[in-house]
Amino acid sequence: MVADLEKAAGLPHVSYTSPRRDSDEFSIRSAEHDEMDAGDDEARKLLVAAIERVATPEPSSIPPPGGLSEARASSRWMDGVRGMAACLVYWQHASQIGALHAQPYIEGGFGWEGRHQLLSLPFLRFLPASAHAMVPLFFVLGGYGLSKRPIGAMHRADYAAVGKIVSSGLFKRPFRLYVPFVVITVCFYAFLHITNWTQQVPGLSRMESFPAELRAILSHMLGWSFIGRPRELAWDWYPRNFPGWTLPRELQGSVYLYITLMLTMAFAPGVRMAAFALTIWYFGREQWWHVVCFCMGGLICELEMVTQTGRLKWPSIITKYRQHLAWALLLLSIFLAGQPCTGKQEHLERDKVWKFLLDRMPFGWRIGDAGQWRWYWLMYSASGMVIALMNLPVLRRFFERDTLQWLGRHSFSLYLVHGEVLVTFGRVAFQAVGSSATFTEDLAWWQDRLKLPDWGIAGLTIDYLAAQWLFCIPLTLALTVLAHRYIEQPAVRATDALYQTICSTAWLQDKQDDDHDTAHGNRTRATPGSPLPLYREREA
């Protein structure tokens, strides 16, 4: 019966003999294809399977009856952190459009230009002015997530799995980053041209016709997304979707992290951690903060792994006061994340604390490219937050709440969509309620149409909150859901299908065997640094 099914599927017949009583070796005998056109049938079946994978709807987020896997459950809180970070990015960008009378003073710090506002106090400023700090946090979490499976395979001495994970990640990463971004941007400009949107969109380029717009989008993408972009061009913003400036940085950090993982694959854990530290120092000298953040995520993952396996013993005082130290580290990280972000170093020198921290920066960061200095302490802030949260079960449980988990799953779509909403509909809403402090001719008809009082503390006035909760936030979330369901998830499935379609059958079959062995507890018995055996032993 098995042979008939294999023949119908166009697969080579494999017969298994019973294992000998005095040996664990299996005798495997493969037969050749009986039909000459078996290769054509196999290609046709792969194409059909790829189409089915793309068309398959997103699986339910409800865990299976057996529960989440231990690795997935242990890092589930990171999705909640990612969702919270996306909300904070949205908050600052919305405030820069709808609360211009207060946001510059909040970002400048307490007492900036003689203004003493509640939300500009240290620690409180973290909420409305932490968008800059959230980008390194995204990158540290991304580095941790990308390193989890490869480092786990290294500790099992399953080096073949490391190569397959890295190969798959390198292939899929640019598609998963750029395809949703391009599709959302094209849809946004198609909407502008179809509706003949007459309002000016500040900071965004626009062509006379949609075909010209489409050519300009794709042409600019080829240069803007180039992975080898030099550092001096790192601040070139994509002129049609401003939050997308982080995507080339994210791809660069991912690639260099994968290179580091491959280079250190056969190293002992201690040597690998030293290699991560050396990589962080090397790229830190050149102010490549995004690569530093990804490698910090990999180093944190390695530290967690060696701690869980018992290879690293922390001093008893650290173990005893672990949560106390984690709370202190979290508070310090939040303070650093509230760094004044006016964009000029001389503004930090007006504050004694931040002048002290500015003087502690390496000389190359202070005299480097304009704006690079701001990322130095934010790198350490993001790493400190991740380390602190890993050691605080109370906050981990908070970030595992369903609402934050939902935001985490939709965080990438929210990040890509919110900018386009705020610069179009958001400007209209803030202008109508009187929250926007700037008057523009293109929105003259909307000026104070639904005027509301500006009672409340600066940055959280009634008119601003009404425009947010009654219009901007519902519209942004609705478009986020649509983008996640019909753009991001199909792009992920299409990338997976493309990868499985172009890979050789032997590669995919070997990968399926590895996944099956891992799921059923069959491990390759090897020690780190030893060659892999030629066959797998079934553990008793």
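Before reading on, note that the structure itself is shown above.
Rules of the game
- Positions within a chain are numbered from 1, following the residues in the order the chain's sequence is written.
- In view of the model being predicted, local features appear only for residues whose pLDDT reaches at least 70, and side-chain atom pairs are presented and counted only at 80 or more, with totals across whole chains, interfaces and linings using the full set of residues.
- Computation of side-chain values covers all heavy atoms of the structure but excludes hydrogens and water.
- Working definition: helices are DSSP H or I runs of at least four residues, strands are E runs of at least two. Numbering for both runs from the N terminus.
- Summary of the burial criterion: residues with accessible area below 20% of their type's maximum are buried, those above 50% are exposed, and those between are partly exposed, where the area comes from a 1.4 Å probe applied to protein chains only.
- Two residues form a contact once any of their heavy atoms are found within 4.5 Å.
- Patch definition: residues with relative accessible area over 30% and no salt bridge; like charges joined within 9 Å; nonpolar side chains (Val, Leu, Ile, Met, Phe, Trp, Tyr) joined within 5 Å.
- All accessible areas in this document rest on Shrake-Rupley with a 1.4 Å probe, and a residue is counted as covered only by the protein chains that are shown.
- For salt bridges, the criterion is a side-chain nitrogen of Lys or Arg within 4 Å of an Asp or Glu carboxyl oxygen.
- Here is the rule: rings of Phe, Tyr and Trp (six-membered ring for Trp) pair when centre to centre is within 6.5 Å. Planes less than 30 degrees apart are stacked, more than 60 are edge-to-face, and the remainder are tilted.
- To estimate the expected span of a helix, count its residues, drop one, and scale the result by 1.5 Å.
- The quantity called bend is, for any residue, the angle between two axes fitted respectively to the seven residues ending at it and the seven beginning at it.
- Axis definition: a line fit to C-alpha positions, over the contact stretch in the case of helices; interaxial angles, taken between N-to-C directions, run 0 to 180 degrees.
- Any angle from 65 to 115 degrees is called roughly perpendicular, while one under 35 is roughly parallel, one over 145 is roughly antiparallel, and all others are oblique.
- The crossing is said to be left-handed when, going from far helix to near helix, the turn is anticlockwise and less than a right angle, and right-handed when the turn is clockwise.
- Buried Ala, Val, Leu, Ile, Met, Phe, Trp, Tyr and Cys residues form a nonpolar core when they are joined through side-chain atoms within 4.5 Å.

Visitor: Quick one: what's the story with the overall build of the protein, residue by residue and with numbers?
Guide: A tally of regular secondary structure across the protein gives 22 helices and 2 strands. For the protein, the proportion of its 540 residues judged to be buried stands at 47%. Long-range pairs, those at least 24 residues apart, make up 69% of the contacts in the protein with a sequence separation of at least 6.

Visitor: Tell me about a nonpolar patch on the surface, residues and numbers included.
Guide: A cluster of nonpolar side chains, namely F175, V179, V183, L498 and I502, defines an oily patch on the protein surface of about 360 Å² accessible area. Within the residue set of the nonpolar patch, elements represented by two or more residues are helix 7 (159-194) and helix 21 (462-502). Here the nonpolar patch gets 3 residues from one element, more than from any other, and that element is helix 7. Looking at where V179 falls in the secondary structure, it is placed in helix 7.

Visitor: Can you tell me about the packing of aromatic side chains, naming the residues and giving the values?
Guide: Summed over the entire model, instances satisfying the criterion amount to 22 aromatic pairs. Here F191 and F425 contribute two aromatic rings whose centre-to-centre distance is 5.7 Å and whose plane-to-plane angle is 40 degrees, an arrangement assigned as tilted. Within this pair, whereas F191 is found in helix 7, its partner F425 is found in helix 20 (residues 411-433), the two being separated by 234 residues in sequence. Note on F191: relative accessible area 29%, which makes it partly exposed. Given the relative accessible area of 25%, F425 is considered partly exposed.

Visitor: With reference to specific residues and values, describe helix 6 (residues 131-155).
Guide: Because the α-helix completes a turn every 3.6 residues, residues three or four places apart line up on one side. Spanning 25 residues, helix 6 covers 36 Å between terminal C-alpha atoms, matching the ideal 36 Å at 1.5 Å per step. Where helix 6 bends most, at K148, the angle is about 40 degrees, and the proline P150 comes one to four residues later. Where burial is concerned, most of helix 6 is hidden: 22 out of the 25 residues are buried. Two residues or fewer past helix 6, A157 is found with a positive phi of approximately 60 degrees.

Visitor: Any chance you could break down the pattern of salt bridges for me, citing the residues and the numbers?
Guide: Close approach of charged atoms allows side chains with opposite charge to pair. One pass over the structure, following the stated rule, counts 8 salt bridges. Here D496 ties to K172 by a salt bridge, and the two come within 3.1 Å at their closest N and O atoms. In this pair, D496 sits in helix 21 while K172 sits in helix 7, placing the two residues 324 residues apart along the sequence. Two residues, D496 and R176, come together in a salt bridge whose shortest N-O distance is 2.7 Å. Within this pair, whereas D496 is found in helix 21, its partner R176 is found in helix 7, the two being separated by 320 residues in sequence. Linked by salt bridges that have partners in common, K172, R176 and D496 make up one network.

Visitor: So what's going on with unusual backbone geometry? Residues and values would help.
Guide: Phi at F123 takes a positive value of approximately 75 degrees, unusual for a residue other than glycine. By secondary structure assignment, the location of F123 is in the loop between helix 5 (103-108) and helix 6. The exposure class of F123 is partly exposed, given its relative accessible area of 42%. In this structure, Q287 is a non-glycine residue whose phi angle is positive, near 60 degrees. Tracing the backbone shows Q287 in the loop between helix 10 (269-285) and helix 11 (289-308).

Visitor: Give a detailed account of helix 4 (residues 76-98), specifying residues and quantitative values.
Guide: Given a rise of 1.5 Å per residue, 23 residues ought to cover 33 Å, and the 34 Å separating the end C-alpha atoms of helix 4 matches this to within 8%. Across the 23 residues of helix 4, 17 count as buried, placing the element largely inside the fold.

Visitor: Could you give an account of the packing of helix 4 against helix 20, with specific residues and numbers?
Guide: Between helix 4 and helix 20, the shortest axis-to-axis distance is 10 Å and the interhelical angle comes to 20 degrees. What the angle tells us is that helix 4 and helix 20 run roughly parallel. In terms of crossing hand, the pair formed by helix 4 and helix 20 is right-handed. On the side of helix 4, the interface is formed by R82, G83, A86, V89, Y90, H93, A94, I97 and G98, while helix 20 contributes S411, L414, Y415, H418, L422, V423, R427 and F430.

Visitor: Residues and numbers for the nonpolar core, please.
Guide: Counting 103 residues, the largest nonpolar core has M134, L137, L247, W289 and V386 as the members making the most contacts within it. Broken down by element, this core gets its largest block of residues, 14 residues, from helix 6. Those residues in contact with L137 that sit more than four places away from it in its chain are V81, A85, A382, M385 and V386. With 14 residues, the next largest nonpolar core counts F242, A429, Y464 and A467 among its residues.

Visitor: Which residues make up the side chain of T264, and what values do they have?
Guide: Mapping T264 onto the fold places it in the loop between helix 9 (246-263) and helix 10. You can call T264 buried: its relative accessible area is 3%. Apart from residues lying up to four places away in sequence, T264 is in contact with M154, R272 and A275.

Visitor: Run through the packing of helix 10 against helix 11, naming residues and quoting values.
Guide: Where helix 10 contacts helix 11, the axes come no closer than 9 Å and their chain directions differ by 165 degrees. Looking at the two axes, helix 10 sits roughly antiparallel to helix 11. Crossing of helix 10 against helix 11: the hand is left-handed. Of helix 11, the residues touching helix 10 (which contributes P269, R272, M273, F276, T279, I280, F283 and G284) are V291, V292, C295, M296, G298, L299, E302, L303 and V306.

Visitor: I'd like a rundown of the environment of G338, residues and numbers included.
Guide: Summarising the element assignment, G338 is placed in the loop between helix 13 (322-337) and helix 14 (345-348). By relative accessible area, which is 4% here, G338 ends up buried. Along the chain, G338 and F126 lie 212 residues apart, while their C-alpha atoms are 4.7 Å from each other. In this view, G338 contacts R125 and W354; residues no more than four positions away in its chain are not counted.

From the geometry alone we can't say anything about function, so treat these as descriptive.
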